[in-house]
Amino acid sequence: MALTAKQERFIQEYLIDLNATQAAIRAGYSPKTANEQGSQLLANISIRAHVDKAIAEQSKRTGINADRVIKELARIALVNPADVINFRDATVADGVNRDDSASIASVKVKYFDGEISEREIKMADKIKALELLGKHLGMFTDKLEVNGSMVVFKGEDKLED
């Protein structure tokens, strides 16, 4: 099935932020119905196939995929700051490997009268990286799943569920 120009525009816009509502608005659908339109467009088998193909092509072009993102999160989440920072003089430790140095968010050095007066090494958010990895692994869920059977009594009768 051939796509309309508006549907093709929706696909292009959807790839920007993966937000169907905003993509529908940017593609020219009414803001009042954009939420429903976005859902319907993504539910359309032909459009979904084009979106999936475009995402796969984008991933191939950029080299960014789920495995790479997970590896980067793991670098941040599992680093030991003692392997990266020389705590004695607040410098990056000698011989830090690339995996560990990937966890450094920033290094600041302040000078006063030509001398170093302050140093700061900021690490990436370890807790956030652990949280994202935990969610990916299904460790943290917001719903409680209960399984079991229940016996229901109605007057003298016993009904089983």
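Residues numbered from 1 in each chain as written. Predicted model: local features only at pLDDT ≥ 70, side-chain atom pairs only at ≥ 80, totals over all residues. Heavy atoms only, no water.

(A) Quick peek at the packing of aromatic side chains. Per the counting criterion, the structure on display carries 1 aromatic pair. Judged by centre distance (5.9 Å) and plane angle (25 degrees), the ring pair of Phe10 and Tyr14 falls under stacked. A residue pair is termed a helical-turn pair when its members lie 3 or 4 positions apart in one helix, as Phe10 and Tyr14 do in helix α1 (residues 5-17) at 4 residues. Of the two residues, Phe10 and Tyr14, neither departs from the other in class, the shared state being buried. Across the ring face of Tyr29, the terminal group of Lys6 is positioned such that the distance to the ring centre comes to 4.5 Å. (Phe/Tyr/Trp six-rings, centres within 6.5 Å; stacked < 30°, edge-to-face > 60°. Helix = DSSP H or I, 4+ residues; strand = E, 2+ residues; numbered from the N terminus. Buried < 20%, exposed > 50% of the residue type's maximum accessible area, 1.4 Å probe, protein only. Lys NZ or Arg CZ within 6 Å of the ring centre and 35° of its normal.)

(B) The arrangement of the pairing of strand β4 (residues 115-123) in detail. Of the strand pairs in this sheet, strand β3 (residues 104-112) and β4 are connected by 8 bridges, and their pairing is antiparallel. Directly across from Ser106, in β4, lies its bridge partner Lys122. Hairpin connection between β3 and β4: a loop of 2 residues separates the two successive antiparallel strands, and Asp113 in this loop has a positive phi of roughly 55 degrees. (Pairing = 2+ DSSP bridges.)

(C) Region of the structure containing helix α4 (residues 45-62). Between its first and last C-alpha, α4 extends 26 Å over 18 residues, near the 26 Å set by a 1.5 Å rise per residue. Within α4, the full set of buried residues consists of Ser46, Ile47, Val51 and Ala54. Angularly, the buried residues of α4 cover 135 degrees about the axis, an arc narrow enough to put them on a single face. Across from the buried face of α4, at angles greater than 90 degrees, the exposed residues are Ile45, Lys53 and Lys60. Turning to α4, the residues buried within the fold contact α1 and α3 (34-43). Between the side-chain oxygen at the start of α4 and the backbone nitrogen of Ser46 there is a gap of 2.9 Å, and the oxygen is on Asn44. (Expected span 1.5 Å × (residues − 1). Arc of directions from axis to C-beta. Contact = heavy atoms within 4.5 Å. Polar contact = N/O pair within 3.5 Å; in protein donor to acceptor, adjacent residues only side chain to side chain.)

(D) Focus on unusual backbone geometry. Backbone geometry places Leu18, a non-glycine residue, at a positive phi of 55 degrees. Even without a glycine there, the phi angle at Ala90 is positive, about 55 degrees. By secondary structure assignment, the location of Ala90 is in the loop between β1 (85-86) and β2 (91-92). Residue classification places Ala90 among the partly exposed residues on the basis of a relative accessible area of 30%.

(E) Looking closely at the pattern of salt bridges. Taken as a whole, this structure holds 8 salt bridges when the rule is applied. With a closest N to O distance of 2.8 Å, Arg9 and Glu13 form a salt bridge. Here Glu13 and Arg9 lie together in helix α1, a separation of 4 residues that amounts to about one turn. A relative accessible area of 37% places Arg9 in the partly exposed class. (Salt bridge = Lys/Arg side-chain N within 4 Å of Asp/Glu carboxyl O.)

(F) Representation of helix α5 (residues 66-78). For α5, built from 13 residues, the straight-helix expectation of 18 Å at 1.5 Å per residue is met to within 8% by its first-to-last C-alpha distance of 18 Å. All of the buried residues in α5 are Leu73, Ile76 and Ala77. The arc that holds the buried residues of α5, viewed along the axis, is 95 degrees, so those residues lie on one side. Residues of α5 that are exposed and point more than 90 degrees away from the buried face comprise Asp67, Arg68, Lys71 and Leu78. Those residues of α5 that are buried lie in contact with α7 (126-136). Capping the start of α5, Asn65 holds a side-chain oxygen 3.1 Å from the backbone nitrogen of Asp67, two or three residues further along.

(G) Main features of the confidence of the model for the protein chain. On average, the protein chain scores 88 in pLDDT, and the residues at 70 or more come to 92%. Per-element confidence in the protein chain ranges from a low mean pLDDT of 57 for strand β6 (residues 157-160) to a high of 95 for helix α2 (residues 20-26). (pLDDT = per-residue confidence, 0-100.)

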